[in-house]
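# Descriptive structure summary
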Amino acid sequence: MLGALGAIGLGSWGPWTPWTSCSVTCGEGTALRGRSLSPIDGQEQRDWELRACEEQCCPEPGGWTTWSPWGSCSVTCGAGTQGRSRACADPAPRCGGGCGAGGAEEKRECEGETPTCPVDGSWGPWGPWGSCSVTCRGAGPGPARMRSRRCDSPPPLRGASRPRMQDGAWGAWSEATPCSVTCGLGVVTLRRACDAPPPRHGGRGCQGNSTRRMLCGPHGACPEEQHWGLWGAWTPCEQRPWGSISCGAMVGRQRRTRQCVGLRPGGPPCPIDNGVSTIQLRACYNVHQCILPGNWSDWSPWGLCTPPCGASPTRKRVRECQPIYPPYPYV
């Protein structure tokens with residue numbers, strides 16, 4: 001109908017405007033473009049076209065896991081610190097989301113096994129030399145003089161017993177983390193700490209791994225990942241409203257379709273490739289089974305002799321009868 005209006009001079013469609021920006025900043029939205037029909041009787045007509053668009057996924061917040069047990073104190077005597085941790089993984093955030101207030105680590109003050117740490121003493125400076133032990137040399141030991149120093153820089157702190165070496169031992173396994181998937185097979189993680197008791201005063205640490213992974217599920221089949229299916233067959237070449245244009249020098253149109261496989265309600269659409277989504281159009285001519293004049297092609301080069309050895313060898317060349325197409329307009 002639009003082609004008929006243009007043919008009799010009642011008006012023609014102008015070019016399409018550029019596509020507008022997507023209606024959303026994240027997730028699935030729409031873009032719009034339009035064109036105008038030249039005024040007819042002072043009235044302007046407009047045509048609009050919508051297409052789906054998709055921006056980056058929207059941020060989704062995650063959740064903190066439960067705190068781990070408090071770790072061992074950083075010192076064996078006096079005041080120290082101990083810490084515990086948690087992860088932003090219950091569930092994990094998506095597309096740049098966070099886990100809200102708080103941090104992944106926490107520390108607090110603690111006290112070692114003994115409230116006061118033992119302190120080694122150190123020698124102070126030497127005192128002056130004393131007087132000579134004799135006033136004249138005779139039989140027996142020779143003369144001598146002495147000086148002294150004190151262990152007071154600083155003095156040794158008493159009252160603390162010498163700590164004994166203690167080897168570490170593994171504590172109990174923690175509860176398993178949530179399964180890493182909601183469909184199919186996933187993995188859970190169990191953790192344990194070398195704190196029953198922890199190694200002290202040079203004792204050996206625990207042998208083996210502090211984490212263990214195990215399979216979880218299955219939780220049912222995972223939905224098929226969305227993708228474009230195969231294109232269907234092209235429709236017959238025709239021109240509306242006249243229908244078939246077989247053997248005519250007229251430009252027709254063909255269309256074919258495809259489906260977005262795995263599309264879920266509320267989920268993102270399949271990506272649009274160069275403006276093509278579910279329908280593709282192309283111009284065409286219909287010369288199927290048409291009677292056309294022909295013309296011989298050039299001869300091919302001569303082939304090899306057959307048989308290559310023996311009496312009466314022959315060789316051949318071929319040419320094809322190629323159709324001569326009408327002077328179709330350029331599409």
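Everything that follows concerns the structure shown earlier in this document.
It should be emphasised that the depicted structure is a prediction, and the values quoted were computed from it without experimental measurement.

### Some remarks on the state of the cysteines
Applying the stated criterion to the full structure yields eight disulfides. Covalently, Cys88 is tied to Cys99 through a disulfide, its sulfur atoms 2.0 Å apart. Taking the sign of the S-S torsion, 90 degrees for the link of Cys88 and Cys99, the bridge is right-handed. Within this pair, whereas Cys88 is found in the loop between β3 (79-85) and β4 (105-111), its partner Cys99 is found in the loop between β3 and β4, the two being separated by eleven residues in sequence. Covalent S-S linkage joins Cys247 and Cys290, the inter-sulfur distance amounting to 1.9 Å. Judged by the sign of its S-S torsion, about -100 degrees, the bond between Cys247 and Cys290 is left-handed. Of this pair, Cys247 sits in the loop between β9 (243-244) and β10 (252-257) while Cys290 sits in the loop between β12 (279-284) and β13 (294-296), and the two are 43 residues apart along the sequence.

### Side note on the environment of Gly14
Mapped onto the secondary structure, Gly14 falls in the loop between α1 (2-7) and β1 (28-40). With a relative accessible area of 25%, Gly14 lands in the partly exposed category. Setting aside chain neighbours within four positions, we find Gly14 in contact with Arg35 and Ser36.

### A closer look at the layout of surface pockets
The space that makes up the largest pocket amounts to roughly 950 Å³. Of all the elements, strand β5 (residues 186-191) adds the most residues to the lining of the largest pocket, at four residues. Looking at side-chain class alone, the lining of the largest pocket contains 15 nonpolar, eleven polar and seven charged residues. Of the volumes computed, that of the second largest pocket is approximately 590 Å³. Among the secondary structure elements, those contributing two or more residues to the lining of the second largest pocket are β2 (43-54) and β12. The biggest single contributor to the lining of the second largest pocket is β2, with six residues.

Basis of the calculations
- Residues numbered from 1 in each chain as written.
- Predicted model: local features only at pLDDT ≥ 70, side-chain atom pairs only at ≥ 80, totals over all residues.
- Heavy atoms only, no water.
- Disulfide = S-S within 2.5 Å.
- Helix = DSSP H or I, 4+ residues; strand = E, 2+ residues; numbered from the N terminus.
- Buried < 20%, exposed > 50% of the residue type's maximum accessible area, 1.4 Å probe, protein only.
- Contact = heavy atoms within 4.5 Å.
- 1 Å grid on protein atoms, 1.4 Å probe; cavity = no way out; pocket = protein on both sides within 12 Å on 5 of 7 lines; lining within 4 Å.
- Points joined across faces, edges and corners; volume = space filled by probe spheres on them.
- Nonpolar A, V, L, I, M, F, W, Y, C, P; charged D, E, K, R; others polar.

Purely geometric numbers; function is a separate question.
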